[in-house]
Amino acid sequence: MSAIIRLYVPRDTTACSLGADSVAATLQQAIERQQLPLDIVRNGSRGLYWLEPLIEMDTCNGRIAFGPVTSDKVDEFIASRFWERSAEHPLYLGPTEDIPYLKKQQRVTFARVGLTNPLSIEDYCANSGFEGLQAALNMSAQDIVTCVTDSGLRGRGGAAFPTGIKWQTVLDSPSGQKYIVCNADEGDSGTFSDRMLMESDPFCLIEGMIIAGLAVGADLGYIYLREEYPLTKQIFEQAVETARVHGYLGKTIASSDHQFDLELRLGAGAYICGEETSMLESLEGKRGEIRPKPPLPAVKGLFGKPSVINNVITLASVPSILANGPVVYQEYGVGKSRGTLPFQLAGNLKHTGLVELAFGGTLQTLLKDFGGGTRTGKPMRAVQVGGPLGAYLPESQWDTPLDYESFLAIDAMLGHGGVVAFDESVDMCEQARFSLEFCSIESCGKCTPCRIGSVRGVEVIDRIRQTTKNEEKRVQSIELLKELCDTMVDGSLCAMGGMTPFPVRSALLHFPEDFKSST
Amino acid sequence: MNKTSHQQSGHTKLVVDIVEELKLEQGALLPILHGIQDELGYVPTESVPFIADSLNLSRAEVHGVISFYHYFRSSPPGRYTVQICRAESCQAMGSRVMENYAKELLGIDFHETTADGEVTLLPVYCLGNCACSPSVRVGNEIFSHVDKIRFDAIVASLGHQPVEVT
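Owing to the predicted nature of the structure, the values given are computational and were not obtained by experimental measurement.

## What to know about the overall build of chain A
Inference 1: A count of helices and strands for chain A gives 21 helices and 16 strands.
Inference 2: Taken over the C-alpha trace, chain A has a radius of gyration of 24 Å; the compact-globule value for 519 residues is 24 Å, and the two agree within 12%.
Inference 3: Taken over the C-alpha atoms alone, chain A extends approximately 85 × 60 × 40 Å along its principal axes.
Inference 4: Burial statistics for chain A: of 519 residues in total, 63% are counted as buried.

## Overview of the interface of chain B and chain A
Reports of interface size often rely on the accessible area that becomes lost once the parts have come together.
Inference 1: Facing 39 residues of chain B, the contacting portion of chain A comprises 59 residues.
Inference 2: Buried area between chain B and chain A, both sides added, is near 3,900 Å², and the carbon and sulfur share of it is 56%.
Inference 3: Joining chain B to chain A, the criterion identifies four salt bridges.
Inference 4: Salt-bridge contacts for Arg86 of chain B lead to Glu437 of chain A; the nearest nitrogen and oxygen are separated by 3.2 Å.
Inference 5: Here chain B is connected to chain A by 26 residue pairs in polar contact (both at pLDDT 80 or more).
Inference 6: When contributions to the side of chain B that touches chain A are tallied by element, the ones reaching two or more residues are helix H2 (29-40), helix H4 (59-68), helix H5 (88-92) and strand E5 (141-143) of chain B.
Inference 7: In the side of chain B that touches chain A, the residues fall into 20 nonpolar, 13 polar and six charged.

## Here we look at the sheet that holds strand E1 (residues 5-8) of chain A
Residue and element names in this part refer to chain A.
Inference 1: Pairing within the open sheet is mixed, and its five strands lie in the order E2-E1-E3-E4-E5. The sheet is open, and its two borders are formed by strand E2 (38-41) and strand E5 (92-95), each paired with just one other strand. Averaged over all pairs of adjacent strands, the angle between strand axes in this sheet comes to 25°, irrespective of strand direction.
Inference 2: As judged from the four bridges shared by E1 and E2, these two strands associate in the parallel manner. Bridge pairing in E2 places Ile5 opposite Leu38.

## Brief notes about helix H7 (residues 148-157) of chain B
Residue and element names in this part refer to chain B.
Inference 1: Where H7 is concerned, the buried positions are Phe151, Ile154 and Val155. The arc that holds the buried residues of H7, viewed along the axis, is 95°, so those residues lie on one side. Turned more than 90 degrees away from the buried face of H7 sit Ile149, Ala156 and Ser157, all of them exposed.
Inference 2: Gly159 occupies a position one or two residues after H7 and carries a positive phi of about 80°.

## Remarks on the state of the cysteines
All names here are of chain A.
Inference 1: Taken as a whole, this structure holds zero disulfides over all chains when the rule is applied.
Inference 2: The closest cysteine sulfur to the non-disulfide-bonded Cys429 is located on Cys485, 12 Å from its own sulfur.
Inference 3: The buried category is assigned to Cys429, whose relative accessible area is 1%.

## Thoughts on the domain arrangement of chain B
Inference 1: What the domain assignment reports for chain B is domain 1 (1-66) and domain 2 (78-156).
Inference 2: Each of domain 1 of chain B and domain 2 of chain B has a C-alpha centre, and these two points are 29 Å apart.

## A word on the environment of Leu33 of chain B
All names here are of chain B.
Inference 1: Relative to the assigned elements, Leu33 resides in helix H2.
Inference 2: Leu33 gets classed as buried once you look at its relative accessible area, which sits at 0%.
Inference 3: C-alpha of Leu33 to C-alpha of Val138: the two residues are 105 residues apart in sequence and 21 Å apart in space.
Inference 4: The residues touching Leu33, leaving out its near neighbours within four places in the chain, are Val43, Ile51, Val65, Ile66 and Phe72.

## Some words on the packing of aromatic side chains
Residues and elements named next belong to chain A.
Inference 1: A full pass over the atoms with the stated rule returns 23 aromatic pairs over all chains.
Inference 2: Relative to Phe370, the ring of Tyr101 has its centre 5.5 Å away and its plane inclined at 80°; by these criteria the two rings are edge-to-face. Taken together, the positions of Tyr101 in helix H4 (residues 100-103) and Phe370 in helix H15 (residues 363-370) put the pair 269 residues apart, joining distant regions of the chain.
Inference 3: Put simply, the rings of Phe66, Phe77, Phe82, Trp83 and Tyr92 touch in pairs and so form one group of aromatic residues.
Inference 4: Seen from the ring of Phe370, Lys104 lies directly overhead, with NZ or CZ sitting 4.9 Å from the centre.
Inference 5: For the cation-ring pair, Arg226 lies above Tyr229, with the distance from its terminal atom to the ring centre recorded as 5.1 Å.

## Concerning empty space enclosed by the protein
Residue and element names in this part refer to chain A.
Inference 1: Inspection of the entire model under this criterion finds three cavities of 30 Å³ or more.
Inference 2: Reported here for the largest cavity is a volume of approximately 70 Å³.
Inference 3: Forming the walls of the largest cavity are 13 residues, and the residues nearest its centre are Ser443, Cys444, Cys447, Cys450 and Cys494.
Inference 4: Looking at side-chain class alone, the lining of the largest cavity contains eight nonpolar, four polar and one charged residues.

## Concerning helix H17 (residues 428-442) of chain A
A turn of α-helix holds 3.6 residues, and therefore any two residues three or four places apart point the same way.
Residue and element names in this part refer to chain A.
Inference 1: Its 15 residues place the ends of H17 21 Å apart at the C-alpha level, agreeing with the 21 Å of an ideal helix rising 1.5 Å per residue.
Inference 2: Of all 15 residues in H17, twelve are buried, a share of seventy percent or more.
Inference 3: Considered for burial, the residues of H17 that qualify are Met428, Cys429, Gln431, Ala432, Arg433, Phe434, Ser435, Leu436, Glu437, Phe438, Cys439 and Glu442.
Inference 4: N-cap assignment for H17: the residue whose side-chain oxygen lies 3.0 Å from the backbone N of Cys429 is Asp427.

## Topic: the nonpolar core
When a protein is soluble and globular, its nonpolar side chains tend to lie buried together.
Inference 1: Counting residues in each nonpolar core, the largest one holds 147 residues, and the members touching the most others are Trp167 and Ile206 of chain A together with Ile51 and Tyr69 of chain B.
Inference 2: A per-element tally of this core places helix H10 (residues 202-216) of chain A first, with eleven residues.
Inference 3: Each of two domains, domain 1 (1-66) and domain 2 (78-156) of chain B, supplies a minimum of three residues to this core.
Inference 4: In contact with Trp167 of chain A, other than residues within four places in its own chain, are Ile144, Val145, Val148, Ala212, Ala215, Val216, Val308, Asn310, Leu315 and Val318 of chain A.
Inference 5: Phe359, Val383, Phe407 and Ala421 of chain A belong to the second largest nonpolar core, which has 32 residues in total.

## Some thoughts on the sheet that holds strand E2 (residues 112-113) of chain B
The pairing of strands in a sheet comes from backbone hydrogen bonds and takes either a parallel or an antiparallel form.
All names here are of chain B.
Inference 1: Taken together, five strands build an open sheet; the order of strands is E2-E3-E1-E4-E5 and the sheet is mixed. Edge positions in the sheet fall to E2 and E5, since each of these pairs with one other strand and no more.
Inference 2: Relative to the sheet, helix H6 (residues 95-106) contacts strand E1 (80-85), strand E3 (119-124) and strand E4 (136-138), its axis offset from that of E1 by approximately 155°.
Inference 3: Across the face of the sheet, H7 comes into contact with E1, E4 and E5 while running at roughly 0° to E4.

Rules used in this analysis
- Residues numbered from 1 in each chain as written.
- Chains lettered and ligands numbered in written order.
- Predicted model: local features only at pLDDT ≥ 70, side-chain atom pairs only at ≥ 80, totals over all residues.
- Heavy atoms only, no water.
- Helix = DSSP H or I, 4+ residues; strand = E, 2+ residues; numbered from the N terminus.
- Rg over C-alpha atoms; globule rule 2.2 N^0.38 Å.
- Buried < 20%, exposed > 50% of the residue type's maximum accessible area, 1.4 Å probe, protein only.
- Contact = heavy atoms within 4.5 Å.
- Buried area = accessible area lost by both parts, 1.4 Å probe.
- Salt bridge = Lys/Arg side-chain N within 4 Å of Asp/Glu carboxyl O.
- Polar contact = N/O pair within 3.5 Å; in protein donor to acceptor, adjacent residues only side chain to side chain.
- Nonpolar A, V, L, I, M, F, W, Y, C, P; charged D, E, K, R; others polar.
- Pairing = 2+ DSSP bridges.
- Axes fitted to C-alpha atoms, helices over the stretch in contact; angles between N-to-C directions.
- Arc of directions from axis to C-beta.
- Disulfide = S-S within 2.5 Å.
- Domains from an automatic or database assignment.
- Phe/Tyr/Trp six-rings, centres within 6.5 Å; stacked < 30°, edge-to-face > 60°.
- Lys NZ or Arg CZ within 6 Å of the ring centre and 35° of its normal.
- 1 Å grid on protein atoms, 1.4 Å probe; cavity = no way out; pocket = protein on both sides within 12 Å on 5 of 7 lines; lining within 4 Å.
- Points joined across faces, edges and corners; volume = space filled by probe spheres on them.
- Expected span 1.5 Å × (residues − 1).
- Core = buried A, V, L, I, M, F, W, Y, C linked by side-chain atoms within 4.5 Å.

And the structure:
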């Protein structure tokens, strides 16, 4: 009887959308029927999505990988006795950690993602889990906040506001009820890092939220998760329950005299609820209409109480900062952009997936070295970075350094790190029209420039497309569109109306030819 | 008629149970609406006055919340809800063509249900599956790389007969 060999089959939304569940089920059946010397762990995804379903296997020299092992290949895969003759199998990829896509990354926040069983607290603890919390439990609230401030961590949701300053404001607010609110309403197209982290390393977010609670004196946290992520909800709720059973949530967290608990709340398909004040309204059971600022949520937030509002990745970055000290994190990155950002490669790229890198590389590196060019094989023409409110960048801007300030300098933004590539078949006038249409569908309706401006914008673009033969009218319409963009930028209450013009302006500026002939 | 009133009284008890269970939570309205829609597939208009009373809100406020969120609906959906992602990453991989094909195949537009009551077609703006665009969601299942052929296969797996386009 030979020793049992451990296999890893990811349980992650994208892996499952490519058949990971049925592959795992077929393997399990074969193991039972043929009494194979194998067992299966459902891990998270490594984020090498073009290779999913990616099956890993323990060996005495570390983990090796096979992929993509799709449903139609799994029978042959089992029949090949891959566990005995691994290197001969056509889907063999070698040691997982040596796959260049993974090897070239700097995985800090995503260090455990794909490595562990997301629902095993033992796995979590065996891989540095709760070390940050232990450190925090031995520190004063002020020292925790100072540690986060010194790390240089900025909000990863898109706005990049310094996390330590936000926390300091909440800490300095008079004591009483305070809240930690995690924004998991990841609505930007081309982004999936929140989803991945919550599915593949949920305890990391839980730990980050507990630390935030200790830092500012809050004993209750809310996670606002989008309805569009059903598997994430399932996994995360299970993780919260497990953390509670193991004493990491509740009256005496990790046997200390501190109290903290969490509640998951679901959104209902409104993009605007990713805006922090709109999210607060939604959590309070109201229409997701944005609130004017001030007062800042740090002073008067959820249910009128001082609240820390952070994105999933921001909070998930905190445990390693506390465990290893601020300097280690601070050493990654450039200028005022410290640490790492999990970039998400999406759209028309050959090698899509999650790439965590220190700030400071170039977009070109992501597109070519990691992304491998377009999936369709046609020349790449435009890249939208930072979600639907981010600018479209032409090839001449792909050398821009990946840091917050460099992107701002070209009227673009890194945002939440989503990178969506388009090939030459893209019609940039159509894309600009969509930006405005999306704004008109998702606007909360509170301010006029956003609510009405977006509708007028769609109409103006339609007019441009209809008047291509009358140059004078076309030029007038384009002028009108530019003025409308100015009004929306200057007059909107929040980033929805205020930044929708970014993709529109960039399309006009860099791809003017698409606004000439109707295609 | 009898059946309808039976159904309504069944609904009423269910709504009462959900509201009673959740009404003391902070910000209870969204959890209550989710609870009702999880069970019934929609939030019946008849339930609005009761929800409003229980939470000390006006009917207009409850209606305002239901109508604000794309996800909540006031009428029953078809047996299957098919969501097609319309966002940029899926556009970059050909979702516009697939979207038009889907509408033609099912003979309906977004927010409509096929005449046999089987399929409701909805747009969605991102399923977080952007690494494998275009994406489609049916119930809680998400599908990757959906082109015309894969969309055909998804619809066939639901047992729905496509309409004859003449």
